[in-house]
Amino acid sequence: MAGRVVPQDVAAWYVGRSATEFLVPENSDASITPGAGRGLADCVKGIESQPVTALPFSTPHAGRTFCVRAQDSRDIGVVTVLTASPGEGPVKVSVDYFRRHG
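How each quantity is defined
Per chain, residue numbering runs from 1 following the sequence as it is written. Predicted model: local features are reported for residues with pLDDT of at least 70 only, side-chain atom pairs are reported and counted for 80 or more only, and whole-chain, interface and lining totals are derived from all residues. The side-chain quantities take in all heavy atoms of the structure and omit both hydrogens and water. For two strands to count as paired, DSSP must find a minimum of two bridges between them. Numbering of helices and strands runs from the N terminus, with a helix taken as a DSSP run of H or I at least four residues long and a strand as a DSSP run of E at least two residues long. Note on method: axes are straight lines fitted to C-alpha atoms, helices fitted across the in-contact stretch only, with angles between N-to-C directions ranging 0 to 180 degrees. Any pair of nitrogen or oxygen atoms within 3.5 Å is treated as a polar contact; in protein, a donor-acceptor pairing is required on top of that, and neighbouring residues in sequence qualify only through side-chain atoms on both sides. Any pair of Phe, Tyr and Trp rings, taking the six-membered ring for Trp, is counted once the centres come within 6.5 Å. Such a pair is stacked with planes under 30 degrees apart, edge-to-face with planes over 60 apart, and tilted for the rest. Partly exposed residues are those whose accessible area sits between 20% and 50% of the maximum for their type, while under 20% is buried and over 50% is exposed, using a 1.4 Å probe and protein chains only. The nonpolar core is taken to be a set of buried Ala, Val, Leu, Ile, Met, Phe, Trp, Tyr and Cys residues, with the residues joined through side-chain atoms within 4.5 Å. Cysteine sulfur atoms that pair up within 2.5 Å are treated as a disulfide.

Draft legend 1. Spotlight on the sheet that holds strand β6 (residues 75–83). Read across the open sheet, the four strands follow the order β3-β5-β6-β7; overall the sheet is antiparallel. Each end of this open sheet is capped by a strand with a single partner; those strands are β3 (29–33) and β7 (92–99). In this sheet, adjacent strand axes meet at a mean angle of 20 degrees when their direction is disregarded. Taken together, the five bridges between β3 and strand β5 (residues 65–69) define a ladder with antiparallel strand orientation. Within β5, the residue paired with Asp29 across the bridge is Arg69.

Draft legend 2. Structural detail: the environment of Asp75. Note that Asp75 resides in strand β6. Remark: the alpha-carbon pair of Asp75 and Arg99, spanning 24 residues in sequence, is separated by 4.6 Å. A polar contact of 2.6 Å, which involves the side chain of Asp75, links it to the side chain of Tyr97.

Draft legend 3. Broad picture of the packing of aromatic side chains. The full count for this structure, using the stated rule, is one aromatic pair. On the basis of an interplanar angle of 40 degrees and a centroid distance of 5.0 Å, the ring pair of Phe22 and Phe66 is categorised as tilted. Here Phe22 is found in strand β2 (residues 21–23), whereas its partner Phe66 is found in strand β5, with 44 residues between them in sequence. We note that Phe22, like Phe66, is buried.

Draft legend 4. Quick peek at the nonpolar core. Core analysis: the biggest nonpolar cluster contains 12 residues, these being Trp13, Phe22, Val24, Ala30, Ile32, Leu55, Phe57, Phe66, Val68, Ala70, Val79 and Val81. The set of elements that each furnish at least two residues to this core consists of β3, β5 and β6. With five residues, the next largest nonpolar core counts Cys43, Cys67, Ile76 and Val78 among its residues.

Draft legend 5. Representation of the state of the cysteines in the model. Enumeration according to the criterion identifies one disulfide in this entry. One disulfide in the model links Cys43 with Cys67; its S-S distance is 1.8 Å. Since a negative S-S torsion denotes a left-handed disulfide, the Cys43-Cys67 link at about -50 degrees is left-handed. Linking Cys43 in helix α1 (residues 40–49) with Cys67 in strand β5, this pair joins segments that are 24 residues apart in sequence. Under the relative-accessibility criterion, Cys43 is labelled buried at 0%.

See below:
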């Protein structure tokens, strides 16, 4: 949440990776947003109407956006994939973090 890379076992909220897909906490909701550069409203709508359980590199490829919402529905990350490829290659993302108060 502070824009730092930390081990996922010490983070309350994270986006990680395996060799083939992005990883999010099991108690989170996620969606893949059609098109590029979608915002918060599109993410919330996608999570509510078309949630996903997997975020493979083949689906949210470079330029695509996916969203992750914490279980308490207060924290939402809008993640834009800058580069991603299966295997050992680098993965670069841009994350916009939103927190709903109240």
